[in-house]
Amino acid sequence: MSDTPFGFGLPPEEPENGDEGKEKNPAGGGQGSGGQSPMNPFGFGSGEGGADNPFAAMFGSLNPNDLGAAFQQLGQMLSYEGGPVNWDMAKQIARQTVSQGTPDGTKDTSVGPAERSGVEEAVRLADIWLDGVTSLPSGASTAVAWSRAEWVEATLPAWQQLVDPVAERVGLAMGDVLPEEMQAMAGPLIGMMRSMGGAMFGQQIGQAVGVLAGEVVGSTDIGLPLGPAGKAALLPLNIEVFGKDLGVPKEEVRLYLALREAAHQRLFAHVPWLRSHLFGAVEAYARGIKVDTTKLEDVVGQFDPTHPEQLQEALQQGMFQPEDTPEQKASLARLETALALVEGWVDAVVHEAASTRLTSADALRETLRRRRASGGPAEQTFATLIGLQLRPRRLRDASRLWASLTDARGVDGRDGLWAHPDMLPTATDLDDPDGFVHHEQLDFSELDKMLGDAAPKDGGGAQGKGGQDTGDRVEGDQGKDDTDK
């Protein structure tokens, strides 16, 4: 469980938002005096004027002339009546975060024709190389080059599906912490808190997605299909930043990352159950998250509408705790294993395709592994949004297992395991890859054929005979002996 399950914290500079975001402090004391503390990532009550203006992080350094705009946005927060997350606010905050650039000073830019052409060519070549190392056909109908802002726009629907189950639990808990006889009287207060809660979730998720937009290099960095189906997407600006100090030609970096993006697309396009399996695992894990009602009761009892930062601080200070139940442990294992298998398969397949063609393949592979292990996009995002820490060790284990499967069963035998979720390795199999690779696998296609043969054709008699035949085959040698008799 992350200590800060819902906030990355503000970047070093406040967003510039037209006249509202312009620097009003001639002394230039903004960041030095207004930096946020780890327990207060949105700067509430910090910086010059912060104590008098809890919305300083959202509105910038305000003077009295800006208060009208500030309270107008506050009114929008309080009047929100949508779902558990104010996604309009999330989008706004994400776009503001992107516009102010990353800590290294890189600003988002529009993608030019040359960059678009380079991405399209890299994905096309990547698909040609992948054709020789996997039986899954191309899954990308188009290749697109995105700016950071375009990545935010394209991935927000997926974030909504991932985050809403967690946020919903908070909204429900807000109405449950008061006794029934008080809920009718406290209706307006509960409604206000839910509106503020939606706004606070929107702020923190928008901040997280905006920061992530400055790091990701494609649409599948976290092992989930965040973008539209069939679109292999790369971010040229982030690819350039990623490869800046690697000493590897830019074209090789782009091609290697295109291989990873195209490999992900093949999985998500041609394993029809995979997307729902992954998102369902996230939702199952979210359902098992328990809201600390004791902390929430304290917040409700002391809630002051003029200090909405109380809700934000409560969200950040460990309000969410996974229940220590067999069901929750199973959900966590299912999610971690599924993501590890996806990432491990991609890692193994891309390495096979690139190792004999790109001199930098090994170095790029290790760089990406270390990036993940040191808290790259996947770990940070899941820890931030749903309190889930991925275990990088599982990714390496999964990659070794897929490589061993290739050696033992060939490309078709390896990729055939994606035909059904029950055929995939489990968490236990990742601990003993050799045992999984060499143990006898049930052929589901043969089972389907047997069940088809057992279907009724001429009434009950045929059904009975077919059922007996199927049972005999499944029983193995003993069944065969009985039939012979």
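Residues numbered from 1 in each chain as written. Predicted model: local features only at pLDDT ≥ 70, side-chain atom pairs only at ≥ 80, totals over all residues. Heavy atoms only, no water.

1. Here we look at the packing of helix H14 (residues 326-354) against helix H15 (residues 361-373)
- Where H14 meets H15, the axes come as close as 10 Å, and the angle between the chain directions of the two elements is 165°. The angle between H14 and H15 falls in the class roughly antiparallel. As for how H14 packs across H15, the hand of that crossing is right-handed. Only Ala361, Asp362, Arg365, Arg369 and Arg372 of H15 make contact with H14, whose side of the interface consists of Glu343, Asp347, His351 and Ala354.
- The class makeup of the residues in the contact of H14 with H15 is two nonpolar, one polar and six charged. (Axes fitted to C-alpha atoms, helices over the stretch in contact; angles between N-to-C directions. Helix = DSSP H or I, 4+ residues; strand = E, 2+ residues; numbered from the N terminus. Parallel < 35°, antiparallel > 145°, perpendicular 65-115°, else oblique. Left-handed = near helix turned anticlockwise from the far one by under 90°. Contact = heavy atoms within 4.5 Å. Nonpolar A, V, L, I, M, F, W, Y, C, P; charged D, E, K, R; others polar.)

2. Topic: the nonpolar core
- Trp151, Trp159, Leu267, Leu274, Trp345, Trp402 and Trp418 are the most contacted members of the largest nonpolar core, which has 91 residues in total.
- If one sorts the elements of this core by residue count, H14 sits on top with 13 residues.
- With near-sequence residues (within four places) excluded, leucine 267 lies in contact with Leu136, Leu274, Val342, Trp345, Val346 and Trp418. (Core = buried A, V, L, I, M, F, W, Y, C linked by side-chain atoms within 4.5 Å. Buried < 20%, exposed > 50% of the residue type's maximum accessible area, 1.4 Å probe, protein only.)

3. Topic: the pattern of salt bridges
- Considering all chains together, one arrives at 16 salt bridges under this definition.
- Residues arginine 266 and aspartate 127 are paired through a salt bridge, measuring 3.0 Å at the closest nitrogen-oxygen approach. Here arginine 266 is found in helix H10 (residues 250-270), whereas its partner aspartate 127 is found in helix H5 (residues 113-131), with 139 residues between them in sequence.
- The class of aspartate 127 is buried, set by a relative accessible area of 10%.
- Where arginine 396 meets glutamate 366, a salt bridge forms, and the shortest distance between an N and an O atom there is 3.1 Å. Of the two residues, arginine 396 sits in helix H17 (residues 392-415) while glutamate 366 sits in helix H15, which places them 30 residues apart along the sequence. (Salt bridge = Lys/Arg side-chain N within 4 Å of Asp/Glu carboxyl O.)

4. Details of the side chain of serine 360
- In this fold, serine 360 is placed in the loop between H14 and H15.
- Classification of serine 360 by relative accessible area gives buried; the value is 8%.
- The residues contacting serine 360, other than those within four sequence positions of it, are Val248 and Glu252.

5. Let's talk about the packing of helix H11 (residues 274-287) against H14
- Contact geometry for H11 and H14: axes closest at 9 Å, N-to-C directions at 145°. Of the two possible hands of crossing, H11 and H14 adopt the one that is left-handed. Within the contact between the two elements, H11 uses Leu274, His277, Leu278, Gly280, Ala281, Val282, Ala284 and Tyr285 and H14 uses Gln328, Ser331, Leu332, Arg334, Leu335, Ala338, Leu339 and Val342.
- For the contact of H11 with H14, the class distribution of residues is 11 nonpolar, four polar and one charged.

6. Topic: H10
- Compared with an ideal rise of 1.5 Å per residue, which puts 21 residues at 30 Å, H10 spans 30 Å between its outermost C-alpha atoms and is within 8% of the ideal.
- Here H10 lies mainly inside the structure; 16 of its 21 residues are buried. (Expected span 1.5 Å × (residues − 1).)

7. Topic: the packing of aromatic side chains
- Inspection of every chain in the model, using the stated rule, returns four aromatic pairs.
- Centre to centre, the rings of tryptophan 402 and tryptophan 418 are 5.3 Å apart; their planes meet at 15°, and the pair counts as stacked. Remark: tryptophan 418 occurs in the loop between H17 and helix H18 (427-431) and tryptophan 402 occurs in helix H17; sequence separation between them is 16 residues. No difference in accessibility class separates tryptophan 402 from tryptophan 418, as the two residues are buried.
- Members of the aromatic cluster, joined through ring pairs, are Trp273, Trp345, Trp402 and Trp418. (Phe/Tyr/Trp six-rings, centres within 6.5 Å; stacked < 30°, edge-to-face > 60°.)

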